[in-house]
Amino acid sequence: MSTTVDPHLASDTVSPAAWKALFFNTLAFTVCFAAWMTNGVLITFLVDTGVHDWDPAAMGWLIGVPVLTGSIMRLPLGVLTDQFGGKWVFGLLLLGSAVPMYFVSVCDNFFEFFLASLGFGMTGTSFAVGIAYTSVWFPQQRQGLALGIFGAGNAGAAVTSLAAPTLLQWLTDHGENLEGWRTLPKIYAGALVVMGVVFLLFTTNRLSAGSAHKTLVDRLRPLADVRVWRFGLYYFYVFGGFVALAQWLIPYYVNVYTVSVATAGFLASIFSLPSGLIRALGGWLSDLFGARTVMYWIFGLSLVC
């Protein structure tokens, strides 16, 4: 489909095309987030069943490496989205991330898992791509709700926490054929490919007004504003804490409480699922009362909890 450039977003008008873009954006983000969280379940399973004898430090590296890639690469992917549009960047990201995800299925040692995890960690950059792509479709007065709905793709963490342990049990014949675990990353790779093809076929590219003519310096100029760094610090605490717990709760429950990986996944999903679903409410409240007010309430309530 052709690229459309948005000259002026109407004051409070949301077109059907915008809701369509949001739907596919959220769906793609959910798939990416589910893939991004794979190691929390997979590495725990491999250690718990004795396939590998990694210590907690090695497990921590393998669980954290995808998060590292997905975090530090968000800025360049966001810049690319501003320049070329979310359709192409998101679509190619989905297809490209499927390659290292597939190679997880042939890994046999820590170094191989490390490299493959660095690669599929690119799925974590989908947040920056999706935020930029969603924003160009919605007027400022409705962006809180739109970005909140998009952010509900965080529920992909719960999808992996719930589904991956059950899949691993089925794929390994309940532990009788442990090599069956290698099919799990292939399933995730297939999901990324399918979502990438669907995204490229059914979305329309869109750029913000004047974006195509901006230089790299223009795109990086917001980094000179201290507010950007302050917002980044807020995000570091809230989303960083969410991702860390979404990944680490599974091995924590297994090692401390000696529950099965499936039970640990269920318990972890209780944490991650509500945080995804409540994002739309948070976005709507931000549109209504202002983001600063809502954020203060969130920080306060989180501190009490």
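Refer to the preceding data block for the structure.
Figured I'd write up the structure that's included with this text. (Residues numbered from 1 in each chain as written. Predicted model: local features only at pLDDT ≥ 70, side-chain atom pairs only at ≥ 80, totals over all residues. Heavy atoms only, no water.)

1. So, the overall build of the protein chain
Then, in step 1: The number of helices and strands found in the protein chain is 15 helices and two strands.
Then, in step 2: In terms of overall dimensions, the protein chain is globule-like: its C-alpha atoms have a radius of gyration of 20 Å, near the 19 Å expected for 305 residues.
Then, in step 3: Dimensions of the protein chain, computed from the C-alpha atoms along their principal axes, are close to 60 × 45 × 35 Å.
Then, in step 4: By residue count, 44% of the 305 residues in the protein chain fall in the buried class.
Then, in step 5: Taken as two groups, the 14 positive and 14 negative side-chain charges of the protein chain have centres that lie 17 Å from each other. (Helix = DSSP H or I, 4+ residues; strand = E, 2+ residues; numbered from the N terminus. Rg over C-alpha atoms; globule rule 2.2 N^0.38 Å. Buried < 20%, exposed > 50% of the residue type's maximum accessible area, 1.4 Å probe, protein only. Lys, Arg positive; Asp, Glu negative; His and termini not counted. Charge placed at Lys NZ, Arg CZ, Asp CG, Glu CD.)

2. Description of the nonpolar core
Then, in step 1: Counting residues in hydrophobic clusters, the biggest one holds 67 residues, and the most contacted among them are F33, F90 and F113.
Then, in step 2: When residues in this core are grouped by element, the largest group, eleven residues, is from helix α1 (residues 16-36). (Core = buried A, V, L, I, M, F, W, Y, C linked by side-chain atoms within 4.5 Å.)

3. Side note on unusual backbone geometry
Then, in step 1: With a phi angle near 50 degrees, D173 is a residue other than glycine that sits in the positive phi range.
Then, in step 2: Relative to the helices and strands, D173 resides in the loop between α9 (156-171) and α10 (183-202).
Then, in step 3: By relative accessible area, D173 is classed as partly exposed at 46%.
Then, in step 4: Despite not being glycine, H174 shows a phi value in the positive range, around 55 degrees.
Then, in step 5: With respect to the helices and strands, H174 occurs in the loop between α9 and α10.
Then, in step 6: Overall, H174 belongs to the exposed group, its relative accessible area being 64%.

4. Let's talk about the packing of helix α4 (residues 74-84) against helix α7 (residues 126-135)
Then, in step 1: It is at 8 Å that the axes of α4 and α7 come closest, and there the two elements cross at 30 degrees. One finds that α4 runs roughly parallel with respect to α7. Here the hand of the crossing between α4 and α7 comes out right-handed. In this structure, α4 uses R74, L77, T81 and D82 to contact α7, whose residues at the interface are F127, A128, V129, A132 and Y133. (Axes fitted to C-alpha atoms, helices over the stretch in contact; angles between N-to-C directions. Parallel < 35°, antiparallel > 145°, perpendicular 65-115°, else oblique. Left-handed = near helix turned anticlockwise from the far one by under 90°. Contact = heavy atoms within 4.5 Å.)

5. Brief notes about a nonpolar patch on the surface
Then, in step 1: The grouping of L75, L216, L220, L223, V228 and W229 at the surface amounts to a nonpolar patch, some 540 Å² of accessible area in total.
Then, in step 2: Every element with two or more residues in the nonpolar patch is listed here: α11 (216-220) and α12 (226-257).
Then, in step 3: On the secondary structure map, W229 appears in helix α12.
Then, in step 4: Residue W229 is classed as exposed on the basis of its relative accessible area of 55%. (Patch = residues over 30% accessible without salt bridge, like charges linked within 9 Å, V, L, I, M, F, W, Y side chains within 5 Å. Areas by Shrake-Rupley, 256 points an atom, 1.4 Å probe, with all protein chains shown as cover. Salt bridge = Lys/Arg side-chain N within 4 Å of Asp/Glu carboxyl O.)

6. So, α12
Then, in step 1: Given a rise of 1.5 Å per residue, 32 residues ought to cover 46 Å, and the 44 Å separating the end C-alpha atoms of α12 matches this to within 8%.
Then, in step 2: In α12, a bend of some 40 degrees at W248 exceeds every other bend along the element, and P251, a proline, comes one to four places later.
Then, in step 3: For α12, the complete set of buried residues consists of F239, F242, V243, A246, Q247, L249, I250, P251, Y253 and V254.
Then, in step 4: Capping of α12 at its N-terminal end is provided by D225; its side-chain oxygen lies 2.9 Å from the backbone amide nitrogen of R227.
Then, in step 5: Where α12 ends, the next residue or the one after it, T258, has phi of about 50 degrees, a positive value. (Expected span 1.5 Å × (residues − 1). Bend = angle between axes of the 7 residues up to and from the residue. Polar contact = N/O pair within 3.5 Å; in protein donor to acceptor, adjacent residues only side chain to side chain.)

7. Remarks on the packing of aromatic side chains
Then, in step 1: Evaluated as defined, the whole model comprises 30 aromatic pairs.
Then, in step 2: Geometrically, the ring pair formed by Y102 and F103 is edge-to-face, given 6.3 Å between the ring centres and 80 degrees between the ring planes.
Then, in step 3: Taking relative accessible area as the criterion, Y102 reaches 39% and is therefore assigned partly exposed.
Then, in step 4: For the ring pair F127 and F239, a centre distance of 5.7 Å and an interplane angle of 20 degrees mean the geometry is stacked. Separated by 112 residues along the polypeptide, F127 in helix α7 and F239 in helix α12 bring together distant segments of the chain.
Then, in step 5: Taken together, the aromatic side chains of F29, F33, W36, F127, F150, Y235, F239, F242 and F271 make up a single cluster linked through ring pairs.
Then, in step 6: Taking NZ or CZ as reference, K87 lies 4.8 Å from the ring centre of W88, over its face. (Phe/Tyr/Trp six-rings, centres within 6.5 Å; stacked < 30°, edge-to-face > 60°. Lys NZ or Arg CZ within 6 Å of the ring centre and 35° of its normal.)

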